[in-house]
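A structural walkthrough
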Amino acid sequence: MRTARVALGGVAYRPWRAREAEAQLEGAVLDAAFAGARARAGNAYKIKLGRATLIRALLETKADTRYL
């Protein structure tokens, strides 16, 4: 991840910018979200599905100019 912007809504009178979270995300490899995932019989597809869902959500957020 080259850059990250994280804002939390509904916690203050305006969106709260989480700069510490941004700093930790910048330069990170996003596959870490599932690094500890262990497949069990019959649910291995969920790891692949989870990764794809995360990627899609991030790409949709990037494409939505309201977040830029």
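Right above here is the structure, for reference.
In this report, the structure presented in the accompanying data block is examined.

We now examine the overall build of the chain. Scanning the chain from N- to C-terminus turns up two helices and two strands. Going from N to C terminus, the chain has its helices and strands arranged as β-β-α-α. A compact globule built from 68 residues would reach a C-alpha radius of gyration of about 11 Å, whereas the chain, at 15 Å, exceeds it by more than 25%. Here the chain, with 68 residues, has 7% of them falling under the buried criterion. Residue pairs at least 24 apart in sequence account for 26% of intrachain contacts in the chain once pairs closer than 6 positions are excluded. Charged side chains in the chain number 13 positive and 6 negative. The centres of these two groups are separated by 6 Å.

Now for a nonpolar patch on the surface. Taken together, the side chains of Met-1, Leu-25, Leu-30 and Leu-58 define a hydrophobic patch exposed on the protein surface, amounting to about 270 Å² of accessible area. Counting through the fold element by element, Leu-58 comes out in helix H2 (residues 45-63).

Mapped onto the fold, Ala-33 is located in the loop between helix H1 (19-25) and H2. On the basis of relative accessibility, which here comes to 54%, the residue Ala-33 falls in the exposed class. Taking the C-alpha atoms as reference, Ala-33 lies 18 Å from Glu-20; in sequence the two are 13 residues apart.

Tracing the chain through its elements places Glu-22 in helix H1. Taking relative accessible area as the criterion, Glu-22 reaches 5% and is therefore assigned buried. Among all residues touching Glu-22, those that are not within four sequence positions of it are Ala-4, Arg-5, Val-6 and Arg-17.

As enumerated under the stated definition, the model contains two salt bridges in all. Between Arg-5 and Glu-26 there is a salt bridge; the shortest N-O distance is 3.1 Å. Residue Arg-5 is found in the segment before strand S1 (7-8), and its partner Glu-26 is found in the loop between H1 and H2; the two are separated by 21 residues along the sequence. With a relative accessible area of 55%, Arg-5 lands in the exposed category. With a shortest N-O distance of 2.6 Å, Glu-22 and Arg-17 are connected by a salt bridge.

Quick notes on the rules
Residues numbered from 1 in each chain as written. Predicted model: local features only at pLDDT ≥ 70, side-chain atom pairs only at ≥ 80, totals over all residues. Heavy atoms only, no water. Helix = DSSP H or I, 4+ residues; strand = E, 2+ residues; numbered from the N terminus. Rg over C-alpha atoms; globule rule 2.2 N^0.38 Å. Buried < 20%, exposed > 50% of the residue type's maximum accessible area, 1.4 Å probe, protein only. Contact = heavy atoms within 4.5 Å. Lys, Arg positive; Asp, Glu negative; His and termini not counted. Charge placed at Lys NZ, Arg CZ, Asp CG, Glu CD. Patch = residues over 30% accessible without salt bridge, like charges linked within 9 Å, V, L, I, M, F, W, Y side chains within 5 Å. Areas by Shrake-Rupley, 256 points an atom, 1.4 Å probe, with all protein chains shown as cover. Salt bridge = Lys/Arg side-chain N within 4 Å of Asp/Glu carboxyl O.

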